[in-house]
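Structural characterization, general
The lines below spell out each chain.
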Amino acid sequence: MSYLTINRRAALMGGALAVAAPAVIGSATKARAAGSDLPLRALAQFSVGDMKITVIDDMLFTVPTAIFGANAPEGSVDALFAKYGLAQDFANMQGAVFLVETGDAKVLIDTGMGDITLPDATADNGRLFAGLAAIGVSPDDITHVFLTHGHYDHIGGVTKNGAACFPNAAHFMPQAELDYWTSAPGSEANFANLMLSFGNDKLNPIKNMIQIVDDGDEIVPGITAIAAPGHTFGHMAVMLESNGEKLLHLIDTSVHYIVGTNEPTWALGIEQDPAAAHETRERLFGLAADENLLVAGYHFPFPGVGRMSRTEAGAFLYTPVSVS
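Let us look at the structure shown here. (Residues numbered from 1 in each chain as written. Predicted model: local features only at pLDDT ≥ 70, side-chain atom pairs only at ≥ 80, totals over all residues. Heavy atoms only, no water.)

**Some words on the pattern of salt bridges**
Where charged atoms from two side chains of opposite charge approach closely, those side chains can pair. Applying the stated criterion to the full structure yields nine salt bridges. Measuring nitrogen to oxygen at the nearest pair gives 2.6 Å for the salt bridge that ties Asp57 to Arg41. With Asp57 in strand E3 (residues 51-64) and Arg41 in the loop between helix H3 (28-33) and strand E2 (43-48), the pair connects residues that are 16 residues apart, well separated along the chain. Here the salt bridges share partners, and the residues they tie into one network are Arg41, Asp57, Asp124 and Arg127. (Salt bridge = Lys/Arg side-chain N within 4 Å of Asp/Glu carboxyl O. Helix = DSSP H or I, 4+ residues; strand = E, 2+ residues; numbered from the N terminus.)

Encoded structure:
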């Protein structure tokens, strides 16, 4: 298990998870070197119409629960976690990558954390490649890579040592995300600049390979980019559709299966636009509930697939479902 050590009060105050440690940026090189391609831990497979979906468990990390309610009343985050019998200081978070096989295409939706490990954390990430190998898929076989946004836990596996990990794939990313995450980090030692440094390292080597994707664009037939701003400025969700069946991948519209659904107005500490993030949750959760869609969450408990329903309180309920 890896730990993201952040002062609880700092998380409550927001500020892009400011880390009060001058060594953070200086530790970035050491942190990158610590990551490794770890063995497979779990995978799941199911179908959406004619699409074959493989969900690969890539990472496990923890975050302080205070991050989930940067604008919430004092004590309300602890109360929500206590209601569901969960720890009130740190939350365990998983991260899983979707491989979608449809026709001749093999499409990765994000690439996990790769060889990135945060300073003072234990490497527990970078399992994507073992997962691909377990189902007989080589990185050379991947035809498309859709990077939904530029956070390090989504782009970490796209390059390694300055080279593309999926050299034969067409790469896609929203313009706002590509522009932001390849901009130069500032000199201040904080978590926001550390994330930017990871973005630079992972995206600049393939910047000329990346094609821009907009709301409503298809990566391949049946895989459609859906604007979902707020978590980051250009953050996108993904709709999968085949033979009348649909799955809406929420990506990081909600990073916690209980908090974002029960309390869609609560801001996550690292959201770049909390108001837009709230609107996105209301829109996409509402769509999923009203159309009874399968949904997936990148950080929901593995394999992170379920359904949304509306509650009498005007919020939402995520219910995991078995898929096969």
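**Some words on the nonpolar core**
Counting residues in each nonpolar core, the largest one holds 49 residues, and the members touching the most others are Phe68, Leu108, Leu132, Ile142 and Phe166. Secondary-structure elements contributing two or more residues to this core are E3, helix H4 (76-83), strand E4 (90-102), helix H5 (128-134), helix H6 (152-155), helix H7 (175-181) and helix H8 (191-203). Residues within four places of Phe68 in sequence aside, it is in contact with Val63, Phe81, Ala91, Met93, Val255, His256, Val259, Trp266, Ala267 and Leu268. Listed in part, the 28 residues of the second largest apolar core include Phe98, Val107, Phe172 and Ile251. (Core = buried A, V, L, I, M, F, W, Y, C linked by side-chain atoms within 4.5 Å. Buried < 20%, exposed > 50% of the residue type's maximum accessible area, 1.4 Å probe, protein only. Contact = heavy atoms within 4.5 Å.)

**Remarks on the layout of surface pockets**
As a volume, the second largest pocket reaches approximately 190 Å³. Residue lining of the second largest pocket: 14 residues in total, with Leu86, Ala91, Asn92, His256 and Tyr257 positioned closest to the centre. (1 Å grid on protein atoms, 1.4 Å probe; cavity = no way out; pocket = protein on both sides within 12 Å on 5 of 7 lines; lining within 4 Å. Points joined across faces, edges and corners; volume = space filled by probe spheres on them.)

**Examining helix H10 (residues 274-290)**
Here H10 is 17 residues long and its end C-alpha atoms lie 24 Å apart, about the 24 Å a rise of 1.5 Å per residue gives. For H10, the set of buried residues is Ala276, Ala277, Thr280, Arg281, Leu284, Phe285, Gly286, Ala288 and Ala289. Just downstream of H10 lies Asn292, where phi reads positive at about 55 degrees. (Expected span 1.5 Å × (residues − 1).)

**Section: empty space enclosed by the protein**
One way to see where empty space is left: roll a probe the size of a water molecule over the atoms. Inspection of every chain in the model, using the stated rule, returns five cavities of 30 Å³ or more. When its volume is computed, the second largest cavity comes out at roughly 100 Å³. What lines the second largest cavity is a set of 14 residues, among which Ser254, Val255, Gly260, Leu268 and Arg281 lie closest to the centre.

**A look at the sheet that holds strand E12 (residues 223-227)**
Strand order across the open sheet formed by seven strands is E11-E12-E13-E14-E15-E16-E17, with mixed pairing between neighbours. Looking at strand neighbours, the two that pair on one side only are strand E11 (218-220) and strand E17 (316-320), the edges of this open sheet. Neighbour-to-neighbour, the strand axes of the sheet open up by a mean angle of 30 degrees, direction not taken into account. As paired strands, E11 and E12 are joined by two bridges and run antiparallel to one another. (Pairing = 2+ DSSP bridges. Axes fitted to C-alpha atoms, helices over the stretch in contact; angles between N-to-C directions.)

**As for the pairing of E4**
In the case of a regular strand, side chains alternate between the two sheet surfaces. Among the 13 residues in E4, 10 count as buried, and that is most of the element. With 12 bridges joining them, E3 and E4 adopt antiparallel strand pairing. By the bridge assignment, Asp57 is partnered in E4 with Ala96. Taking the residues that link successive antiparallel strands as the turn, the E4-strand E5 (residues 105-109) hairpin has two residues, and the phi of Gly103 there is positive, at about 60 degrees.

**Details of the pairing of strand E9 (residues 170-173)**
Both faces of E9 are covered, namely the face carrying Ala170 and Phe172 and the face carrying His171 and Met173. Pairing of E9 with strand E10 (residues 210-212) involves three bridges; the strand directions are parallel. When the bridges of E10 are listed, His171 appears paired with Ile210.

**Some words on a negative patch on the surface**
On the surface, Asp214, Asp215, Asp217, Glu218 and Glu241 cluster together to form a negatively charged patch. Residue placement: Asp214 occurs in the loop between E10 and E11. (Patch = residues over 30% accessible without salt bridge, like charges linked within 9 Å, V, L, I, M, F, W, Y side chains within 5 Å. Areas by Shrake-Rupley, 256 points an atom, 1.4 Å probe, with all protein chains shown as cover. Lys, Arg positive; Asp, Glu negative; His and termini not counted. Charge placed at Lys NZ, Arg CZ, Asp CG, Glu CD.)

**As for the environment of Gly314**
Locating Gly314 in the fold gives a position in the loop between strand E16 (305-310) and E17. Residue class for Gly314 comes out exposed when judged on its relative accessible area of 52%. Considered as a pair, Gly314 and Asn262 are 52 residues apart in the sequence and their alpha carbons are 8.9 Å apart.

**A closer look at unusual backbone geometry**
Pro303 follows Phe302 through a cis peptide bond whose omega is 0 degrees. The topology assignment puts Pro303 in the loop between strand E15 (294-296) and E16. Even without a glycine there, the phi angle at Asn292 is positive, about 55 degrees. Here Asn292 is to be found in the loop between H10 and E15. You can call Asn292 partly exposed: its relative accessible area is 47%.

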